[in-house]
Amino acid sequence: MSRTPLITTLPTPTVAASQDATGRGWDDHATARRVLRAAAVVACAPYLSLKVAWIAGSRIGIPEGSVLLDNGTTLRAANAVTVLMDACVIVLALLLTRPWGRRVPSWLLALPMWGATGLLTPIMVGFPAQVALRMLGVTSAEAPSAGRPFLDEWVFSVVYGGFIVQGLALGTLFVLYARRRWSHLWQGHTGGKSAALRGRGRRIAATAAAVLALAQAGVHLMWAAGARSGLSPALAGEYDADNVLQDAAYVLYGAVAVAGLVLLLRRGGRVLPLRVPLLLAGTGSAAVGCWGGWMLAAALIGGNGGDRAATPLMMITYAVQMIVGLLVLAAGARYFARRAAAGPAS
């Protein structure tokens, strides 16, 4: 999926349900929530099983000569971290479906959901597209002849398939949960004074995020268009259609984030439901920011050296992506706080 894949790295209550503003209870879609919760938990099993096996010393799915065998200590530490990350999916699935989850502070749910959205969305978009390219014969599942093996191909299919199920299940559960708890925060339409992203600090942060999102998109577009400036020698030599697809996806995520921010910053013009720009800005910035942070961390502590070491331009691009995500996250938190303080009348 990526240059440094992420993989290396109950019965319905009988008590009366809480009612939302429309008088509908939390028990709506109870069966669907139970099924989705079970799907999310089961989808974590392949990833967690492989990670635990690798921590215990197993080499299942790791071919001879893999770059993952170069530093066993680093690999075990990275696997331990990613086990905790995927375990958070199980916690989120429970939080979104159990009664105690309704009492959790908003930020304690919204922050990890934003992170999960950012890490899972590129996989949900990119992996099926890469499979389609291979089915069409555009790319091959084999490692480049000049490169070293990484993981057996079946590992990607099993793990990324599980990630896609996790993303779909968590996303649907979050929508059902948020409709009951926070629906008043995205009621209304764009163009109105109350819906605009007001406050000088928030507007500056959103504008800076939009500019930086376009800047990182420009770098990825340059690489996707055929330029190899700023890429490590090994990556430049192995660059193929999968890499083009990944860089084009970063351009798409940046454009989506900018479109959402522009709609939130402007007043007047075409009227759209407020949830549209919020979804665009949130999803686009999360995909750009979270994967930028992940790639930056992998470049800093991953141990790749020589002709595989990340170049200064690659590091800067990843850092800019992370900054974009943090700026939108901060502006969005203040935006929702203002609307919550104003109450449903806003």
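Residues numbered from 1 in each chain as written. Predicted model: local features only at pLDDT ≥ 70, side-chain atom pairs only at ≥ 80, totals over all residues. Heavy atoms only, no water.

Participant: What am I meant to see in the nonpolar core here?
Facilitator: Among soluble globular proteins, nonpolar side chains are generally buried collectively. Core analysis: the largest hydrophobic core is formed by 52 residues, its most contacted members being Leu 151, Phe 163, Leu 261 and Trp 291. Formed by 22 residues, the second largest nonpolar core is a distinct cluster that contains Leu 48, Leu 92, Leu 173 and Leu 185. (Core = buried A, V, L, I, M, F, W, Y, C linked by side-chain atoms within 4.5 Å. Buried < 20%, exposed > 50% of the residue type's maximum accessible area, 1.4 Å probe, protein only.)

Participant: Just checking my understanding: could you explain a nonpolar patch on the surface for this structure?
Facilitator: Judged by side-chain polarity, Ile 60, Trp 154 and Val 158 come together as a nonpolar surface patch covering roughly 250 Å² of accessible area. Residue placement: Ile 60 occurs in the loop between α1 (30-55) and α2 (72-95). Classification of Ile 60 by relative accessible area gives partly exposed; the value is 40%. (Patch = residues over 30% accessible without salt bridge, like charges linked within 9 Å, V, L, I, M, F, W, Y side chains within 5 Å. Areas by Shrake-Rupley, 256 points an atom, 1.4 Å probe, with all protein chains shown as cover. Salt bridge = Lys/Arg side-chain N within 4 Å of Asp/Glu carboxyl O. Helix = DSSP H or I, 4+ residues; strand = E, 2+ residues; numbered from the N terminus.)

Participant: I keep staring at the pattern of salt bridges and nothing clicks. Help me out?
Facilitator: When charged atoms on two side chains of opposite charge get close, those side chains can pair. Using the criterion set out here, one finds three salt bridges in the structure. Between Arg 134 and Glu 153 there is a salt bridge, with the nearest N and O atoms lying 2.5 Å from each other. One end of the pair, Arg 134, is in helix α3 (residues 106-135); the other, Glu 153, is in helix α4 (residues 153-181), and 19 residues separate them in sequence. A residue is classified by how much of its surface remains accessible, and Arg 134, at 27% relative accessible area, is partly exposed. Looking at Glu 153, the relative accessible area reads 28%, which means it is partly exposed. Across the pair Asp 242 and Arg 134 runs a salt bridge whose closest N-O atoms are separated by 3.3 Å. With a gap of 108 residues between them, Asp 242 in helix α7 (residues 241-265) and Arg 134 in helix α3 connect regions that are remote in the sequence. One salt-bridge network, held together by shared partners, links Arg 134, Glu 153 and Asp 242.

Participant: Would you mind going over the packing of aromatic side chains with me for this structure?
Facilitator: Here the distance between the centres and the angle between the planes together describe a pair of aromatic rings. Applying the stated criterion across every chain yields a total of eight aromatic pairs. Ring plane angle 45° and centroid distance 5.8 Å describe the contact between Phe 156 and Tyr 160, whose orientation is recorded as tilted. With Phe 156 and Tyr 160 both in helix α4 and four residues apart, this pair spans about one turn of that helix. Note on Phe 156: relative accessible area 11%, which makes it buried. The class of Tyr 160 is buried, set by a relative accessible area of 0%. Taking the ring centre of Tyr 239 as reference, the NZ or CZ of Arg 228 above it sits at 3.9 Å. (Phe/Tyr/Trp six-rings, centres within 6.5 Å; stacked < 30°, edge-to-face > 60°. Lys NZ or Arg CZ within 6 Å of the ring centre and 35° of its normal.)

Participant: Before we go on, may I ask you to explain the layout of surface pockets in this structure?
Facilitator: Empty space among the atoms becomes visible once a probe the size of a water molecule is rolled across them. In this model, the second largest pocket occupies a volume close to 1,400 Å³. For the second largest pocket, the lining is made up of 39 residues, of which Trp 114, Phe 174, Leu 278, Gly 282 and Phe 336 are closest to its centre. Looking at which element gives the most residues to the lining of the second largest pocket, the answer is α3, with eleven residues. (1 Å grid on protein atoms, 1.4 Å probe; cavity = no way out; pocket = protein on both sides within 12 Å on 5 of 7 lines; lining within 4 Å. Points joined across faces, edges and corners; volume = space filled by probe spheres on them.)

Participant: Help me understand the packing of helix α5 (residues 200-224) against helix α9 (residues 312-342) in this model?
Facilitator: A pair of packed helices is characterised by two quantities: the angle between their axes and the separation of those axes. Across the interface, α5 lies against α9 with an axial gap of 8 Å and an inter-helix angle of 150°. Judged by the inter-axis angle, α5 sits roughly antiparallel to α9. When the axes of α5 and α9 are compared, the crossing they make is left-handed. Looking at the contact of α5 with α9 residue by residue, the classes come out as 17 nonpolar, four polar and three charged. (Axes fitted to C-alpha atoms, helices over the stretch in contact; angles between N-to-C directions. Parallel < 35°, antiparallel > 145°, perpendicular 65-115°, else oblique. Left-handed = near helix turned anticlockwise from the far one by under 90°. Nonpolar A, V, L, I, M, F, W, Y, C, P; charged D, E, K, R; others polar.)

Participant: Please clarify how the environment of Ala 80 should be interpreted in this entry.
Facilitator: Mapping Ala 80 onto the fold places it in helix α2. With relative accessibility at 34%, the residue Ala 80 sits in the partly exposed group. Each C-alpha atom of the pair Ala 80 and Trp 54 lies 9.6 Å from the other, and the pair is 26 residues apart in sequence.

Participant: In this structure, what is going on with the packing of α3 against α7? I would like to understand it.
Facilitator: Where α3 meets α7, the closest approach of the two axes is 10 Å, and the angle between their N-to-C directions is 145°. α3 and α7 meet at a crossing whose hand is right-handed. Two secondary-structure elements touch here, α3 through Thr 121, Pro 122, Val 125, Gly 126, Ala 129, Gln 130, Leu 133 and Arg 134 and α7 through Ala 241, Asp 242, Leu 245 and Tyr 253. Considered class by class, the residues forming the contact of α3 with α7 number seven nonpolar, three polar and two charged. (Contact = heavy atoms within 4.5 Å.)

Participant: Please explain the state of the cysteines as it appears in this structure.
Facilitator: Here is the idea: a disulfide is a covalent bond, and it sits between the sulfur atoms of two cysteines. Within this structure, the stated rule accounts for zero disulfides. Residue Cys 44 stays outside any disulfide, its sulfur separated by 9.9 Å from that of Cys 88, the closest cysteine. (Disulfide = S-S within 2.5 Å.)

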